[in-house]
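Secondary and tertiary structure notes
Single-letter residue listing:
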Amino acid sequence: VTRAVTMGCGHYLPVRVVENAEFEATLDTSDQWIRERTGIERRHFAAEGELTSDLAIKAAFAALENAGLTGADIDGIVLATATPDETFPSTATKVQTAIGMTGGYAFDVQAVCAGFIYAMTTANALIVSGQAKTIMVIGAETFSRIMDWSDRATCVLFGDGAGAVILRAAEGDGTAADRGVLSTDLNSDGQFHDLLYVDGGPSSTGTAGVLRMEGREVFRHAVHKLAASGETALERAGLSAADVDWIVPHQANLRIIRKTAEKMGVGMDRVVVTVQDHGNTSAASIPLALSVAAASGQIARGDLLLMEAIGGGLAWGAATLRW
Ligand code: ACO
């Protein structure tokens with residue numbers, strides 16, 4: 001069987017680091033509140049004029065270097081973002097030209113914080129169905145552009161960044177011992193729109209809008225939906241939680257990460273956590289965590305990874321990947 005196998009990964013974080021304490025000057029909040037409720041200690045914010053595509057392009061070059069490939073080796077780019085440079089064209093096409101791809105295709109997918117799971121699922125389907133040999137999957141966001149800076153319940157939670165993973169077709173024997181994407185699971189439920197959305201857009205207000213969230217309600221849905229999707233993805237691959245070397249969760253909130261791992265019966269010593277340094281970077285959070293963990297040697301070739309994410313939509317999902 002054809003598998004989509006990881007060839008390399010990379011990431012980019014904007015230079016500017018904002019510690020929790022910086023918010024104390026303008027908001028009725030504290031470093032202690034943010035740490036205790038979310039696990040976040042700091043986040044990166046893009047510079048003025050630094051676009052989502054700028055972050056994505058830097059992550060893309062880092063992934064190419066890590067994989068020992070060039071842009072000419074890439075057939076397709078699937079880029080997950082909720083903060084594109086422009087309404088159209090896709091941010092992915094900006095990356096396509098920047099890395100020197102002259103053929104193939106590039107497009108964006110929109111599933112907010114679950115975006116990387118959706119993008120990886122799409123890339124896997126394209127590879128398995130023979131429509132590409134090598135695909136770059138990117139998550140890239142500048143959530144600092146859609147914050148209401150007077151809303152302490154949201155603006156302290158998010159950060160900017162990008163991560164990229166290169167997948168290439170390889171033959172496997174069809175067992176869970178194969179390297180590559182082993183299973184995926186996607187879900188959404190539009191009846192929960194009001195829990196997490198941006199209050200603008202081209203066909204509604206004609207403005208970009210800012211993020212609105214009922215944090216407590218999102219939290220209420222997150223743990224059981226993530227655990228259920230994770231279990232479905234494992235089952236589809238013929239695996240169980242005991243087989244998981246690392247959960248690589250969407251990095252929104254340490255309490256959600258802990259409770260989901262606990263519900264699945266996976267100890268925190270088998271969970272990759274970067275939320276303290278990145279905040280919630282939406283679709284970028286999983287590839288950022290993957291890239292950081294791979295670079296440090298935390299994740300090693302052959303490890304079984306379970307990725308899971310939930311965000312606006314609500315949209316959520318999970319995927320298993322043998323690194
Ligand atoms: N500093 C100080 N106090 C604050 C802050 C802040 N930054 N933010 C909120 N508070 C206050 C609230 O006003 C409230 O005060 P009140 O009791 O007087 O009304 C109190 O703290 C408790 O607020 P809650 O919202 O109940 O706090 P909670 O413990 O639920 O934490 C949080 C809030 C961190 C938002 C949490 O609910 C959460 O992480 N939710 C999930 C977020 C998430 O995962 N989103 C999904 C992905 S994002 C995406 O898709 C784009």
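Bear in mind that the values here come from a model prediction, so they are computed numbers and not experimental data. (Residues numbered from 1 in each chain as written. Predicted model: local features only at pLDDT ≥ 70, side-chain atom pairs only at ≥ 80, totals over all residues.)

1. A few points about the sheet that holds strand β5 (residues 105-109)
Spatial strand order, β1-β7-β6-β4-β5: five strands in an open sheet with mixed pairing. The open sheet has two edge strands, β1 (2-12) and β5, and neither has a second partner. Between one strand axis and the next, the sheet turns by 20° as a mean value, whatever way the strands run. Direction of pairing for strand β4 (residues 76-80) relative to β5: parallel, over a ladder of five bridges. The residue of β5 that forms the bridge with G76 is Y105. Most of the contacts of helix α9 (residues 285-296) go to β1, to which it runs at about 85°, and overall it touches β1, β6 (134-142) and β7 (160-171). (Pairing = 2+ DSSP bridges. Helix = DSSP H or I, 4+ residues; strand = E, 2+ residues; numbered from the N terminus. Axes fitted to C-alpha atoms, helices over the stretch in contact; angles between N-to-C directions. Contact = placed C-beta atoms within 7 Å.)

2. Observations regarding the domain arrangement of the protein chain
When the domains of the protein chain are assigned, the result is domain 1 (2-171) and domain 2 (180-322). Elements with a minimum of two residues in the side of domain 1 that touches domain 2: β1, β3 (42-45), α4 (115-128), β6, α5 (152-155) and β7. Taken together, the residues that form the side of domain 1 that touches domain 2 break down as 25 nonpolar, 16 polar and eight charged. (Domains from an automatic or database assignment. Nonpolar A, V, L, I, M, F, W, Y, C, P; charged D, E, K, R; others polar.)

3. Regarding the sheet that holds strand β11 (residues 246-249)
Each strand in a sheet pairs with its neighbour through backbone hydrogen bonds, running either in the same direction (parallel) or in the opposite one (antiparallel). Taken together, four strands build an open sheet; the order of strands is β8-β13-β12-β11 and the sheet is mixed. The open sheet terminates on both sides in strands that have one partner only, identified here as β8 (180-188) and β11. Between one strand and the next, the sheet's axes are offset by a mean angle of 15°, whatever the strand orientation. Note: β11 against strand β12 (residues 304-311), four bridges, orientation parallel. Of the residues in β12, the one forming a bridge with I247 is L306. Across the sheet, helix α6 (residues 215-236) lies against β8, β12 and β13 (315-322), angled at about 35° from β13, the strand it touches most.

4. Some words on the nonpolar core
Counting residues in hydrophobic clusters, the biggest one holds 108 residues, and the most contacted among them are A59, A60, A63, V137 and I138. Broken down by element, this core gets its largest block of residues, nine residues, from helix α2 (residues 52-67). When residues of this core are assigned to domains, at least three fall in each of domain 1 (2-171) and domain 2 (180-322). (Core = buried A, V, L, I, M, F, W, Y, C linked by C-beta atoms within 7 Å. Buried ≥ 20, exposed ≤ 12 C-beta atoms within 10 Å, placed from the backbone.)

5. Here we look at the UniProt feature "domain: Beta-ketoacyl-[acyl-carrier-protein] synthase III C-terminal" (unreviewed entry) in the protein chain
Residues annotated in UniProt with the feature "domain: Beta-ketoacyl-[acyl-carrier-protein] synthase III C-terminal" (unreviewed entry) correspond here to residues 234-323. As annotated, residues 234-323 comprises 33% helix and 22% strand, and the C-alpha atoms at either end are separated by 15 Å. (UniProt positions renumbered as here; feature names shortened; annotations may be inferred.)

6. Describing the site of the ligand
The ligand sits among 24 residues. The nearest are T29, C113, G215, A252 and G311. Elements represented by at least two residues in the shell around the ligand include exactly α1 (31-38), α5, α6 and β12. In terms of residue class, the shell around the ligand is made up of 13 nonpolar, eight polar and three charged. Two domains each provide a minimum of three residues to the shell around the ligand, namely domain 1 (2-171) and domain 2 (180-322). (Near = placed C-beta within 6 Å.)

7. A closer look at the pairing of β6
The buried count for β6 comes to eight of nine residues, which makes it a mostly enclosed element. Pairing of β4 with β6, which is carried by five bridges, proceeds in the parallel orientation. Each residue of the ladder has a partner; that of G76, found in β6, is I135. In this structure, β6 lies alongside β7, joined through nine bridges in antiparallel fashion. The partner of T134 across the bridge, within β7, is R168.

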